[in-house]
Number of protein chains: 2
Amino acid sequence: MDLPRGGEGLSPQAKLPHVVVVGGGFGGLSCARALRRAPVRVTLVDRRNFHLFQPLLYQVATASLSPADIASPIRTILRKQKNAQVWMGEALRVDVASQVVELEDGVRLHYDYLVLASGATHAYFGHDEWSGVAPGLKTIDDATEIRRRFLLAFEAAEREADPEARQLLLTFVIVGAGPTGVELAGAMAEIARQVMPKDFRSIDTTATRILLLEGVDRVLPGYPPDLSRRAHRQLEQLGVEVRTGALVTDIRDDCVRIGEERIGTRNVFWAAGVSASPLGATLGVETDRAGRVRVQPDCSIPGQPNVFVVGDLASLDRADGSPVPGVAQGAIQMGEHAARMIRADLSSDARAEFRYFDKGDLATIGRAAAVARIGRVHLSGLIAWLIWVLVHIFYLIGFRNRLLVMLQWTWAYVTYQRGIRLITGDRRVEVLRARAPEAEARVQPSPPTQNS
Amino acid sequence: MDLPRGGEGLSPQAKLPHVVVVGGGFGGLSCARALRRAPVRVTLVDRRNFHLFQPLLYQVATASLSPADIASPIRTILRKQKNAQVWMGEALRVDVASQVVELEDGVRLHYDYLVLASGATHAYFGHDEWSGVAPGLKTIDDATEIRRRFLLAFEAAEREADPEARQLLLTFVIVGAGPTGVELAGAMAEIARQVMPKDFRSIDTTATRILLLEGVDRVLPGYPPDLSRRAHRQLEQLGVEVRTGALVTDIRDDCVRIGEERIGTRNVFWAAGVSASPLGATLGVETDRAGRVRVQPDCSIPGQPNVFVVGDLASLDRADGSPVPGVAQGAIQMGEHAARMIRADLSSDARAEFRYFDKGDLATIGRAAAVARIGRVHLSGLIAWLIWVLVHIFYLIGFRNRLLVMLQWTWAYVTYQRGIRLITGDRRVEVLRARAPEAEARVQPSPPTQNS
């Protein structure tokens, strides 16, 4: 469908209601696809040109998958959907009075229906100064940054003569033991202990310390307590030092503080908090502490039945008072619900309440280690891991990616190899310098082969 | 082998001669591997942690392969070679008098033998100001930058209301018709004409102009003239406008000039010239115009029999007066020769002259389109392309990569899909802005859906 451009003439469809969907994540994309047979024009706006399969992002951060393995161009996903167009751009604010989404480059998109699905990013609980030393994991660029730091730490340690400085480089601290933190810690421990040892000559990578810090009293706080215990045990079996009830009070270039305690490290990764996309606040309705928009039972916002908010940006309670969880399933189901409501409006049907269908929870810890809750059934170990693998491959969008990821995982499982260990980006040397100045100064007077 | 660190004690091997190899490309890596059974200690220095299979770099630039598909960590390649260690760092200069390589971070590596294989980078013939507008293609970061610009141009064109500005965005100029330029032009034409059309709603990507400019009178100047003609024809069949005898005199943000002629474009890519790594000049011996080091027939430098220069950094003529070509085979063979000479020295054998074994030339143009010279046999079209595919898969280092690349190519061939079309990096919006300010200003007053 050719959308009209600057008065180049209107096609008949141009009179159809215009649905603007902001965000090409799980929520926005499922909404756009659910509108494929509806008598509407859909414009999906995203600042990126690809949909990201976020549950596997930690595998990019730990050099097990390539970015392209978990991302698909949004245009390709929607190429056959004639009533949809993709607009690459960043939405800055919504003007509900004039029904317009304003983009960063000045473009104003008029909507008849708006579906806001711009998600969340990581938050440092008022400590934005930590963002430089403790990168979080929400985007592909975050993931390649964590990968670079993780791999560079071993390279710097290999060249480091001073044992103390070397230990700082080989200590990795992950803040936050939700699914992302647990997955990162488990994968890093596996790589350091089982994959890397033979690659290095001077350092013993099996002596790498991986610390997982959690503020509350157990890992995976959103899971049933028995699965938290099992995850805790599996993490320790992989060599992760798990510290619960450990509230981080400061993060520096060379240490993390928990109250009075100081843990020396050159590598801190942040998996502790999220805050909603700032776009939600521009709607002018109530938001919660994390910036999420309080939506009505049908996912629309108070006073604006043509504006929906779905996914991580939305805050909605279930019948039992518990919130709809901020996971892919929640976003997908809400996105589809918003599409159903728009179709209902157009055929003058009544609106319905959103009901979250809880398919369960899955978190992986390592090779053949995971925890799963499916309804009331709690599983852990190999069986949970196999379910995890199947579910994640099934949901990966695009057949090519599914096939490639399965092959890569099979290969990694059989050979224990990790192939994606590339350190890219131009800040390579600067990063090392900025992070370990003394380390490099110490090497200088006694280089490894100077004596030969 | 544990190399001594800051006086932590010397292992018996520490008294073995120390061979420092600078550069983990084809030349350096083949040299290091050829020394695996020699009574030496090898230290391979590279500023990157991976070996790059450069002949396929254009496929990363055109979103057909992921960076990890054509790169392998050097440590993993050398993990089983006990007499080798890898040192990630950037070599700045060589002090031949004291037999030391100085690294950027102040480390000084003493050598008994030095093999310099730091290659070449692209050069702008004294027009360094072109580097910002016309990126070249030598590194992974170059490739992802070209990929980003290539993909962003279509995104910007899709949003552009003004037909003239849109045409500038959809015009791609490649300067230089050596193998890299030919491969880039062919791949870009294929993607624009055969893969992208269905992804866009407002632009006709089959109207994309791809211009390939070459200063001399034919494409692939290093190939036999009949293959140049056949390559020229195959490029035109793909829709590439080939211009020979076209010397570029200026490159701007919005145009390329050939003498008085002005070609309007927002996208220029540089595939015209290379210059050798600046490390060569620090040896204090004769270099040629491109900065390559004139080496002796045994690949060592005049007056320093323990210093070898191999690959793109070396300049050496064959018996017939023609130079050893700057291709992977040349680097591999020279690297192996340097290793043989070191082994000969250690067993007091005589040195020998390097002889280049010419396996032929191969350049690909597109799907089932290529040219090949194998000895005196000249081939083109599908048969040349099949040879090209087999040779490149065979030489890809690391079985995992070979398998994955083969699968991806097969998949791409069958489905005509390109899956790696990710625009990453944070400069996303800035790049667009900097490159098309008027374009965006024009969009503003007449946005596509404002009228609805």
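Calculation notes
- Residues numbered from 1 in each chain as written.
- Chains lettered and ligands numbered in written order.
- Predicted model: local features only at pLDDT ≥ 70, side-chain atom pairs only at ≥ 80, totals over all residues.
- Helix = DSSP H or I, 4+ residues; strand = E, 2+ residues; numbered from the N terminus.
- Buried ≥ 20, exposed ≤ 12 C-beta atoms within 10 Å, placed from the backbone.
- Contact = placed C-beta atoms within 7 Å.
- Pairing = 2+ DSSP bridges.
- Axes fitted to C-alpha atoms, helices over the stretch in contact; angles between N-to-C directions.
- Left-handed = near helix turned anticlockwise from the far one by under 90°.
- Nonpolar A, V, L, I, M, F, W, Y, C, P; charged D, E, K, R; others polar.
- Right-handed = clockwise from strand over helix to strand, strands pointing away.
- Expected span 1.5 Å × (residues − 1).
- Arc of directions from axis to C-beta.
- pLDDT = per-residue confidence, 0-100.

Trainee: What is the right way to read the overall build of chain A from this model?
Mentor: Along its length, chain A carries 12 helices and 25 strands. When burial is assessed residue by residue, chain A has 52% of its 452 residues classed as buried. The long-range share in chain A, meaning contacts at least 24 apart out of those at least 6 apart in sequence, stands at 65%.

Trainee: Help me understand the sheet that holds strand β24 (residues 369–374) of chain A, please; the structure alone is not making it clear to me.
Mentor: Residues and elements named next belong to chain A. Taken together, the 3 strands give an open sheet; going across it, the order is β23-β24-β25, and neighbouring strands pair in antiparallel fashion. Every interior strand has two partners, whereas the edge strands, β23 (361–366) and β25 (377–380), have only one. The sheet shows a mean angle of 5 degrees between the axes of neighbouring strands, direction not considered. Pairing of β24 with β25 involves 4 bridges; the strand directions are antiparallel. Within the sheet, the bridge partner assigned to Val 371 lies in β25 and is Ser 380. Sheet strands in contact with helix α6 (residues 179–195) are β23 and β24, and its direction is about 20 degrees off that of β23.

Trainee: Looking at this model, I keep getting lost on the pairing of strand β5 (residues 84–88) of chain A. Mind explaining?
Mentor: Regular strands show a simple pattern: their side chains alternate between the two faces of the sheet. Residue and element names in this part refer to chain A. Of all 5 residues in β5, 5 are buried; the element is thus mostly enclosed. Residues Ala 84, Val 86 and Met 88 point to one face of β5 and Gln 85 and Trp 87 to the other, with burial holding for every one of them. Alignment of strand β2 (residues 41–46) against β5, held across 5 bridges, turns out to be parallel. Counted as the bridge partner of Thr 43 is Gln 85 from β5.

Trainee: I would appreciate a short explanation of the sheet that holds strand β6 (residues 91–95) of chain B in the present structure.
Mentor: Within a sheet, neighbouring strands are paired by backbone hydrogen bonds and run either parallel or antiparallel to one another. Residues and elements named next belong to chain B. The 3 strands are arranged β6-β7-β8 in an open sheet whose pairing can be described as antiparallel. Each end of this open sheet is capped by a strand with a single partner; those strands are β6 and β8 (108–110). Across the sheet, the mean angle from the axis of one strand to that of its neighbour is 25 degrees, orientation sign disregarded. Direction of pairing for strand β7 (residues 100–103) relative to β8: antiparallel, over a ladder of 3 bridges. The residue of β8 that forms the bridge with Val 100 is His 110.

Trainee: How do you make sense of the environment of A:Ala156 when you look at a structure like this?
Mentor: All names here are of chain A. You can see Ala 156 is positioned in helix α4 (residues 140–159). Residue Ala 156 is classed as buried on the basis of its 26 C-beta neighbours within 10 Å. A C-alpha to C-alpha distance of 9.3 Å links Ala 156 and Leu 170, two positions 14 residues apart in sequence.

Trainee: I tried to follow the packing of helix α1 (residues 26–34) of chain B against helix α8 (residues 328–346) of chain B on my own but got confused; where do I start?
Mentor: For any two helices packed against each other, one specifies the inter-axial angle together with the distance between the axes. Residue and element names in this part refer to chain B. It is the contact of α1 with α8, at a shortest axis distance of 7 Å, that shows an interaxial angle of 35 degrees. Between α1 and α8 lies a crossing of right-handed hand. Between α1 and α8, the contacting residues are Phe 26, Gly 27, Gly 28, Ser 30, Cys 31 and Ala 34 on the first element and Ala 328, Ala 331, Ile 332, Met 334, Gly 335, Glu 336, Ala 338, Ala 339 and Arg 340 on the second. By residue class, the composition of the contact of α1 with α8 is 9 nonpolar, 4 polar and 2 charged.

Trainee: Is there a simple way to explain the environment of B:Phe354 in this structure?
Mentor: With respect to the helices and strands, B:Phe354 occurs in the loop between α8 and β23 (361–366). Those residues in contact with B:Phe354, other than ones at most four positions away along the chain, are B:Pro297, B:Asp298, B:Cys299, B:Leu316, B:Met334 and B:His337.

Trainee: Before we go on, may I ask you to explain the pairing of strand β1 (residues 18–22) of chain B in this structure?
Mentor: Residues and elements named next belong to chain B. Within β1, 5 of the 5 residues are buried, which leaves it mostly tucked inside the rest of the structure. Pairing of β1 with strand β2 (residues 41–46), which is carried by 5 bridges, proceeds in the parallel orientation. Looking at β2, one finds that Val 19 is bridged to Val 42. On the question of chirality, the crossover connecting β1 to the parallel β2 by way of α1 is right-handed.

Trainee: Is there a simple way to explain the environment of B:Pro221 in this structure?
Mentor: Residues and elements named next belong to chain B. Looking at the element boundaries, Pro 221 is found in the loop between β12 (209–213) and α7 (225–237). In the structure, Pro 221 is positioned 43 residues away from Gly 178 in sequence and 6.7 Å away in space, judged by C-alpha atoms. Excluding anything up to four places from it in sequence, Pro 221 contacts Gly 178 and Val 216.

Trainee: Would you take a moment to explain helix α9 (residues 382–395) of chain B for this structure?
Mentor: A turn of α-helix holds 3.6 residues, and therefore any two residues three or four places apart point the same way. All names here are of chain B. Taking 1.5 Å per residue, 14 residues should reach 20 Å; α9 reaches 20 Å between its end C-alpha atoms and fits that length. Here α9 has its buried residues at Ala 384, Trp 385, Trp 388 and His 392. Angularly, the buried residues of α9 cover 100 degrees about the axis, an arc narrow enough to put them on a single face. Exposed positions of α9 whose direction lies more than 90 degrees from the buried face are Leu 382, Ile 383, Leu 390 and Phe 394. In this structure, the buried residues of α9 make contact with β23, β24 (369–374) and β25 (377–380).

Trainee: What should I look at first to understand unusual backbone geometry in this one?
Mentor: Glycine aside, a negative phi is what most residues show, and trans is what most peptide bonds show. Residues and elements named next belong to chain A. In the Ramachandran plot, Gln 99 falls in the positive-phi region, its phi being about 55 degrees despite a non-glycine side chain. As for its placement among the helices and strands, Gln 99 is situated in the loop between β6 (91–95) and β7 (100–103). We classify Gln 99 as partly exposed; it has 18 C-beta atoms within 10 Å.

Trainee: Would you explain the confidence of the model for chain A in this entry?
Mentor: Low pLDDT marks regions whose predicted coordinates should not be analysed in detail. All names here are of chain A. Looking at chain A as a whole, its pLDDT mean stands at 86, while 85% of the residues score no less than 70. Segment residues 426–452 is flagged for pLDDT under 50; beyond a separation of four residues in sequence, or across chains, it makes 50 contacts in the model. As a predicted assembly, this complex carries a pTM of 0.85 together with an ipTM value of 0.82.

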